[in-house]
Amino acid sequence: MAAAHPSPSEALWLACEQGDDAKARTLLAEARKAGSADALLLRRRHGLTLTHLAAERGHFRVLTELLASGAAADVVTAAGVTPLHLAAAHGDGPLLALLLAKGADHSAVDGKKRTALHVAAEAGHDHVLRNLVRAGCLIDAKDSDGLCTPLHLAARAGRAAAVRSLIRLVQEDTEVVGGVEPTGWLRVTPVQMAAESG
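Presented here is a report on the structure given in the accompanying data block. Keep in mind the model is a prediction, meaning the values are calculated, not measured. Here the residue index of a chain counts from 1 through its sequence in written order. Local features in this predicted model are restricted to residues of pLDDT 70 or higher, and side-chain atom pairs are both shown and tallied only at a pLDDT of 80 or more, whereas totals for entire chains, interfaces and linings draw on every residue. The side-chain figures draw on all heavy atoms in the structure; neither hydrogens nor water molecules are used.

Should a side-chain nitrogen of Lys or Arg be within 4 Å of a carboxyl oxygen of Asp or Glu, the pair is scored as a salt bridge. In the structure shown here, the tally under the stated rule is 7 salt bridges. Of the charged contacts in the structure, one is a salt bridge between Glu-17 and Arg-57, with a shortest N-O distance of 3.5 Å. Here Glu-17, found in helix α1 (residues 8-18), pairs with Arg-57, found in helix α4 (residues 50-57); they are 40 residues apart in sequence, far enough to count as distant. Exposure remark for Arg-57: the relative accessible area of 41% places this residue in the partly exposed category. Notably, a salt bridge pairs Glu-65 with Arg-25, separated by 2.9 Å at the nearest N-O pair. Each helix corresponds to a stretch of at least 4 residues labelled H or I by DSSP, and each strand to a stretch of at least 2 residues labelled E; elements are numbered beginning at the N terminus. Working definition: with a 1.4 Å probe on protein chains only, accessible area under 20% of the residue-type maximum means buried, over 50% means exposed, and in between means partly exposed.

Checked against the element boundaries, Thr-77 lands in the loop between α5 (60-68) and α6 (83-89). Sequence-distant contacts of Thr-77, that is, excluding residues within four places in its chain, are made with Arg-43, His-46, Gly-47, Leu-48 and His-52. Contacts are assigned to residue pairs that have any heavy atoms within 4.5 Å of one another.

All right, on to unusual backbone geometry then. Phi is positive for Lys-113, close to 60°, though the residue is something other than glycine. Among the secondary structure elements, Lys-113 is positioned in the loop between α7 (93-101) and α8 (116-123).

Geometric values such as these leave the question of function open.
This is the structure in structure tokens:
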């Protein structure tokens, strides 16, 4: 018995998952020719879309194809996660730049009220923090508890390079003062958190 061929939407999902931009381009063109935008609306577990999948996997060219075909840069999962959050979690500067250039909302918050800056700081991706701040992410934005800024999260996670980067960014911006000294998680300062994390 011959194996069943995947449906066009399943084939597109697989192409995006595997980073096959040529196959994704072909399948997206076929969907456009057929007048169907359904492929771009496809969702999987927890509301994950093709755009999320490409960002999560770091597939720049696939993401470029999806966005050029009309996929939304700001689509959210059931937990409020955007592709920008996923690119930040992986510290993928080119993906972050692409998403921001295509209109991703830098101030979008997930279910924990964390921005992409929170996510990148906690993961220790200091190399993307400056670009997120330049895009408009607030250094002093607080999470759902109203306690932790990106600096608090970086300190709590023991991400020394991210802590240094965020402190430099705060020092460079005389208008931003909220991210360094105020108390946060369990009412301790980022300095106390960093000391506890080593």
